[in-house]
Amino acid sequence: MSRLLTTIAAGLLTALAIAPAAAQEKVVNVYNWSDYIDESVLEEFTKETGIKVRYDVFDSNEVLETKLLGGKTGYDVVVPTGSFLQRQIQAGVFLKLDKAKLPNLQYQWPLISERLAVYDPGNEYAVNYMWGTTGIGMNVDKVKERLGDTPLNSWDIIFKPELLAKLKDCGVYILDGPEEVIPTALRYLGKDPNSKDPADIEAAGKLLAPIRKYIKKFDSSGYINALAGGDICIALGWSGDVFQAKTRAEEAAQKTGKKPVNIEYVIPKEGALMWFDNFAIPKDAPHPEEALAFINFMMKPEVAAKNANFISYASGNLGAQQFIDKAIIDNPAIYPDKETQAKLFTVTTYPQKVQRVVTRTWNDFKRGK
């Protein structure tokens, strides 16, 4: 009898030890861009599902890609941009989505899903989170003070050295992203922004070289606060980030009673890059079921709208549009009209040999060579 009791007691202790461990497995590890979610959504997800969210951030596709290609990231959900997604799919780093466990796919915007399919044929690996453009964010008052009557709706103010030189004193930031800036430079040159010709990439480098000395910093996240605080006057950046800067400037002004920094976002007349940020599940995700639950929750129209309202980006969720603030949904710089959409372009991944040319060209530009 004593042996039986000992065995039962040991079994109970084992069960008690296992129970907390099992409970700890109700977690999803998310790796997303900085300043890119309404954090109350994470709390709502945990409340509804019982799944805890461990949330980390990055500020460049290159950082995310290095982790993914290295393997064993420890993350369950990541958010790569389209052109990076394409080559990461080719490298076999993602799980195919079990769409039977994603009923909220019904709310996704077919137009955006079709465009995403350029990178992810059949939409087998990714679900669009947000999309937007890469353009110019500016402190309008400071820029006009220095450039006078120069039109502000052109890439001239970035790529013409004689114009950018006039803005050096008040601060110029450029995205630290060759896959964003080089295609934009190619469009400005009248070339195919999606060109894979090394000669074209080198031509973009020659256009960029003379403006290097006027750039204060290459930055993919800090320009939000720098614009909002009036510390810089212009940034080549992402649409939603600039609108976040505008919101922060207005909020700061309300607290201080001062006039807010006059921040605007411009899609230049020559056109701009259209990009797509997307949820995907790494092949070695420790919690793939929780990852699917997270992605499905994020596709609920009310949740998608809450994120769009918070970060001022366009959502890939069509069902969300009825819940998105009018000031956002009616803003052509966020949801471009058909005329502007016709000037937007997308780019696909570079072949490995061309990627080396892109990397060398970009590094030479940053070093001022």
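Note that this is a predicted model, so its numbers are computed, not measured.

Would you mind showing me how to read the overall build of the protein chain here?
The helix and strand tally for the protein chain stands at 17 helices and eleven strands. In terms of overall size, the protein chain behaves like a compact globule, its C-alpha atoms giving a radius of gyration of 23 Å where 369 residues would be expected to give roughly 21 Å. Principal-axis analysis of the C-alpha atoms places the extent of the protein chain at approximately 95 × 55 × 35 Å. Expressed as a percentage of its 369 residues, the buried residues of the protein chain come to 52%. Considering only intrachain contacts with a sequence separation of at least 6, the fraction spanning at least 24 residues in the protein chain is 74%. Summed over its atoms, the accessible surface of the protein chain is roughly 16600 Å², and 53% of this surface lies on carbon and sulfur atoms.

Looking at this structure, I do not really get the state of the cysteines. What am I missing?
Counted by the stated rule, this structure contains one disulfide. C170 shares a disulfide with C233; S-S distance 2.0 Å. Taking the torsion about the sulfur-sulfur bond, which here is approximately 55 degrees, the covalent link between C170 and C233 counts as right-handed. Placement of C170 in the loop between α8 (161-164) and β5 (172-174) and of C233 in the loop between α11 (223-228) and β7 (234-238) is noted, with a sequence separation of 63 residues between them. In this structure C170 comes out as buried when scored by relative accessible area, which is 6%.

Would you mind showing me how to read helix α14 (residues 301-311) here?
Each α-helix turn comprises 3.6 residues. Residues three or four places apart therefore point the same way. Listing the buried residues of α14 in full gives P301, V303, A304, A305, N307, A308 and I311. In this structure, the buried side of α14 is in contact with α2 (39-49), β4 (126-139), α12 (239-256), α13 (288-298), β10 (314-315) and α15 (326-329). One or two positions beyond α14, positive phi appears at S312, with a value near 65 degrees.

I tried to follow the nonpolar core on my own but got confused; where do I start?
Buried together is how nonpolar side chains tend to be arranged in soluble globular proteins. In terms of nonpolar packing, the biggest core is built from 118 residues, with I158 and F294 touching the most fellow members. Per-element tally for this core: the top contributor is β4, with seven residues. Setting aside residues no more than four positions away along its own chain, I158 makes contact with I136, L164, I174, I211, I234 and L236.

Conventions we followed
Residues numbered from 1 in each chain as written. Predicted model: local features only at pLDDT ≥ 70, side-chain atom pairs only at ≥ 80, totals over all residues. Heavy atoms only, no water. Helix = DSSP H or I, 4+ residues; strand = E, 2+ residues; numbered from the N terminus. Rg over C-alpha atoms; globule rule 2.2 N^0.38 Å. Buried < 20%, exposed > 50% of the residue type's maximum accessible area, 1.4 Å probe, protein only. Contact = heavy atoms within 4.5 Å. Areas by Shrake-Rupley, 256 points an atom, 1.4 Å probe, with all protein chains shown as cover. Disulfide = S-S within 2.5 Å. Core = buried A, V, L, I, M, F, W, Y, C linked by side-chain atoms within 4.5 Å.

Nothing here speaks to function; it is all geometry.
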